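# Examination of the molecular architecture
What follows is each chain in one-letter form.
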Amino acid sequence: MTTSAWWRRDATTVAALALALIPTAAPAAAAAPPPIPAATVVVQHRQLPEPPPAEEARTELGELVVEAPHSMEGYWRDRFPHWIKQYGTCDTREVVLARDGQNVVQDSECRAVSGTWTSPYDDKTFTDAKALDIDHLIPLASSWRSGADTWTTDKRRAFANDLTHSQLVAVSAASNRAKADKSPDQWRPPLRSYWCTYSRAWTDIKHVYGLSVTESEKAALAEMLDTCA
């Protein structure tokens, strides 16, 4: 199996990301609309971490170990602790909602109370955070079948709450549940224009964490990478 690279990533990157995601109050403006209550803050919009370009992803894909899926014996979601606190009262879900939305307002408990989100899987727009799921791009069960069954709990926790790579994304609940724990040979985002980003991210995360792929999964990823301009 490919040697895992997750632990070699600069630890300061994670710390810097957490600091960058700390919500900041919106600047005051003349003739502004009614003020936001003191218990809320407006969070600046930040983008999903960009996966490597297509050529790098193709190289990574060629380096992944190809093997049959591992047994699901011993799997349950609690073996991947999430969502953890990232700072203050803000857990991973709330950090991703703040990052992936526009004009997100959080209450004093870091909960998104308003904002606008567009799901990249199906291009549907929402103004209620409850309509969104935070998707593990590599599903937890899928990671178990491709090598996470041998990991420590600490590594599974890092994987399930990874804000450094493109592993977490706010998407429509409908698309997330249609995807479930399927790999790209079994499910692809309905929005074809997102296939390039999806396949680059999927390949990179598998490479970073030293996860394997099946033959059909690798073929599907190669096909999706071919949609990159």
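Residues numbered from 1 in each chain as written. Predicted model: local features only at pLDDT ≥ 70, side-chain atom pairs only at ≥ 80, totals over all residues. Heavy atoms only, no water.

Here the focus is the pairing of strand E8 (residues 168–172). Burial within E8 is extensive, with five of its five residues counted as buried. Bridging between strand E7 (residues 132–136) and E8 involves five bridges; their strand directions are antiparallel. Bridge pairing links Leu132 to Ser172 in E8. (Buried < 20%, exposed > 50% of the residue type's maximum accessible area, 1.4 Å probe, protein only. Helix = DSSP H or I, 4+ residues; strand = E, 2+ residues; numbered from the N terminus. Pairing = 2+ DSSP bridges.)

Turning our attention to the nonpolar core. Of all hydrophobic cores here, the largest spans 33 residues; its most connected members are Phe80, Tyr121, Leu137, Ile138, Phe159, Tyr198 and Tyr209. Among the secondary structure elements, those contributing two or more residues to this core are helix H2 (54–63), helix H4 (140–145), helix H5 (153–160), E8, helix H7 (195–209) and helix H8 (215–225). Counting residues per element, this core draws most heavily on H7, which supplies eight residues. If near-sequence neighbours (up to four positions away) are discounted, Phe80 is found in contact with Tyr75, Leu140, Ser143, Trp144, Ala148, Arg156, Phe159 and Ala160. Residues Val104, Trp117, Leu132 and Ile134 belong to the second largest nonpolar core, which totals 16 residues. (Core = buried A, V, L, I, M, F, W, Y, C linked by side-chain atoms within 4.5 Å. Contact = heavy atoms within 4.5 Å.)

Once that is clear, we can look at unusual backbone geometry. Of note, the amide linkage connecting His82 to Trp83 takes the cis form, showing an omega dihedral of -10°. By the element assignment, Trp83 lies in the loop between H2 and strand E2 (85–87). The residue Asp123 is not glycine, and still its phi comes out positive at about 60°. Note on placement: Asp123 falls in the loop between strand E5 (112–118) and strand E6 (125–126).

Turning our eyes to something else, we now look at H7. Spanning 15 residues, H7 covers 21 Å between terminal C-alpha atoms, matching the ideal 21 Å at 1.5 Å per step. Among the 15 residues that make up H7, 15 are buried, leaving the element largely enclosed by the rest of the structure. (Expected span 1.5 Å × (residues − 1).)

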